[in-house]
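What follows is the residue order along each chain.
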Amino acid sequence: MSNPCGTTRANILRQSEINGIPLYFGTGVNPVNSPAQFFVAWGETVKKGLIHTFNREELHEGCLWFIDEDEAERKFLAQEEALKEIL
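Reading guide: rules and limits
- Residues numbered from 1 in each chain as written.
- Predicted model: local features only at pLDDT ≥ 70, side-chain atom pairs only at ≥ 80, totals over all residues.
- Heavy atoms only, no water.
- Helix = DSSP H or I, 4+ residues; strand = E, 2+ residues; numbered from the N terminus.
- Buried < 20%, exposed > 50% of the residue type's maximum accessible area, 1.4 Å probe, protein only.
- Contact = heavy atoms within 4.5 Å.
- Areas by Shrake-Rupley, 256 points an atom, 1.4 Å probe, with all protein chains shown as cover.
- Pairing = 2+ DSSP bridges.
- Core = buried A, V, L, I, M, F, W, Y, C linked by side-chain atoms within 4.5 Å.

Caption draft 1: A look at the overall build of the protein chain. Tallying secondary structure elements over the protein chain gives one helix and eight strands in all. Reading the secondary structure of the protein chain in the N-to-C direction produces β-β-β-β-β-β-β-β-α. Looking at the protein chain as a whole, 41% of its 87 residues are labelled buried. A fraction of 47% describes how many contacts in the protein chain between residues 6 or more apart in sequence connect residues 24 or more apart. Accessible surface computed for the protein chain: about 5200 Å², of which carbon and sulfur atoms make up 50%.

Caption draft 2: Quick look at the sheet that holds strand E1 (residues 7–9). Read from one edge of the open sheet, three strands run E1-E6-E5, paired in antiparallel fashion. Looking at the sheet topology across the chains shown, the edges are occupied by E1 and strand E5 (46–47). Sheet topology places E1 next to strand E6 (residues 50–52); three bridges connect them, and they run antiparallel. Residue Thr8 lies in a different strand from E6, and its bridge partner there is Ile51.

Caption draft 3: Geometry of the pairing of strand E3 (residues 21–27). Among the seven residues of E3, six are classified as buried, and the element is accordingly described as predominantly covered. Note: strand E2 (residues 11–18) against E3, seven bridges, orientation antiparallel. Paired with Ile12 across the bridge in E3 is Gly26. As consecutive antiparallel partners, E2 and E3 are separated by two residues, and within that stretch Asn19 has a phi angle of approximately 50 degrees, a positive value. Examined bridge by bridge, E3 and strand E4 (residues 38–42) share five bridges and lie antiparallel to one another. The partner of Phe25 across the bridge, within E4, is Val40.

Caption draft 4: Representation of the nonpolar core within the structure. Ranked by size, the top nonpolar core spans 12 residues in total: Ile18, Ile21, Leu23, Phe25, Phe38, Val40, Trp42, Leu64, Phe66, Ala72, Phe76 and Leu83. Membership of the second largest hydrophobic core comes to nine residues, among which are Ala36, Ala41, Val46 and Cys63.

Caption draft 5: Region of interest: the environment of Thr27. Residue position: Thr27 is located in strand E3. Note: C-alpha distance between Thr27 and Trp65 (38 residues apart in sequence) is 9.0 Å. With near-sequence residues (within four places) excluded, Thr27 lies in contact with Arg9, Ala10, Asn11, Leu13, Gln37, Phe38 and Phe39.

Caption draft 6: Region of interest: unusual backbone geometry. At Asn19, a residue that is not glycine, the phi angle is positive and equals roughly 50 degrees. Among the structural elements, Asn19 can be located in the loop between E2 and E3. Positive phi, close to 55 degrees, is recorded for Lys48, a residue that is not glycine. Mapped onto the elements of the fold, Lys48 is located in the loop between E5 and E6.

Quick look at the structure:
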């Protein structure tokens, strides 16, 4: 299976679901020449094991890429709290 343009294979390390919205923390290979390899995604952004390679941040769906694993994990925890408060 080839990856559609603008996606990469998602390796999910942690996931949870807040009020029906899935939340993911994982690794992947971001676009060529980008050192980002950790992501936080929520909503329907991970489909069939693939994830978008670009940042997108909306209330019910998003994907953010990070270089630093600790920063990505902090965002995962913050996004869990944000989804609990908003929804």
